[in-house]
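Close look at the chain arrangement
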Amino acid sequence: MKNIFYIFLGGGFGSILRYAISKLFMADKSSFPWSTLIANFIGCFIIGIVLGWFINNNKQYSDLYVFLSIGFCGGLTTFSTFSVEGLTYLKNGDLLVFITYLLFSIVGSILLAALGYYIYQLGNS
């Protein structure tokens, strides 16, 4: 039950940051979804650092890990919005934008998670 509370709390903070990013990078419906991409990139970078720290300290199952990784990063990042935006590009026939968004999102998110992890590892060598 305690983990559910930490996930709830972290998810709330992550969702608030996601909302703030969407307002900061607000664009009209026809422009590239920068706010989703930025939120996902930030969340992936953070989870890379978090994972590096918790693995290094053997605390992957601690309350703070649950709060930060599942809660905060889960609330911050959004696969559902990414999927709907991608589907919209497909429905509108914007294949080049769809492929660009898909590749940027997937490759960029993985690279930023890895970068966060390795930056933490380098700082603690």
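This text gives an overview of the structure that appears in the document. (Residues numbered from 1 in each chain as written. Predicted model: local features only at pLDDT ≥ 70, side-chain atom pairs only at ≥ 80, totals over all residues. Heavy atoms only, no water.)

**Details of the pattern of salt bridges**
Opposite charge on two side chains permits pairing when their charged atoms draw close. Basically, it comes down to this: A pairing counts as a salt bridge when a side-chain nitrogen of Lys or Arg comes within 4 Å of a carboxyl oxygen of Asp or Glu. Numbering of helices and strands runs from the N terminus, with a helix taken as a DSSP run of H or I at least four residues long and a strand as a DSSP run of E at least two residues long. The buried label goes to any residue with under 20% of its type's maximum accessible area, the exposed label to any with over 50%, and the partly exposed label to all in between, with areas taken from a 1.4 Å probe on protein chains only.
All chains considered together, the criterion is met by 1 salt bridge. Across the salt bridge formed by Lys-2 and Asp-63, the nearest N and O atoms sit 3.0 Å from each other. You can see Lys-2 sitting in helix H1 (residues 2–24) and its partner Asp-63 sitting in helix H3 (residues 63–76), a full 61 residues away along the chain. A residue is classified by how much of its surface remains accessible, and Lys-2, at 49% relative accessible area, is partly exposed. The class of Asp-63 is partly exposed, set by a relative accessible area of 26%.

**Description of the side chain of Asn-40**
Put simply, the rule is: Whether two residues are in contact is decided by their heavy atoms, any of which lying within 4.5 Å being enough.
Along the chain, Asn-40 falls in helix H2 (residues 34–56). Setting aside anything within four residues of it in sequence, one finds Asn-40 in contact with Thr-77, Thr-78, Phe-82 and Ser-109.

**Side note on unusual backbone geometry**
Positive phi, normally seen in glycine, also occurs at Asn-58, with a value near 50°. Along the chain, Asn-58 falls in the loop between H2 and H3.

**Digging into the state of the cysteines**
Using the following cut-off: Any cysteine sulfur atom paired with another within 2.5 Å is treated as part of a disulfide.
Enumeration according to the criterion identifies 0 disulfides in this entry. Cysteine Cys-73 is unpaired, with the sulfur of Cys-44 as its nearest cysteine sulfur at 8.0 Å.

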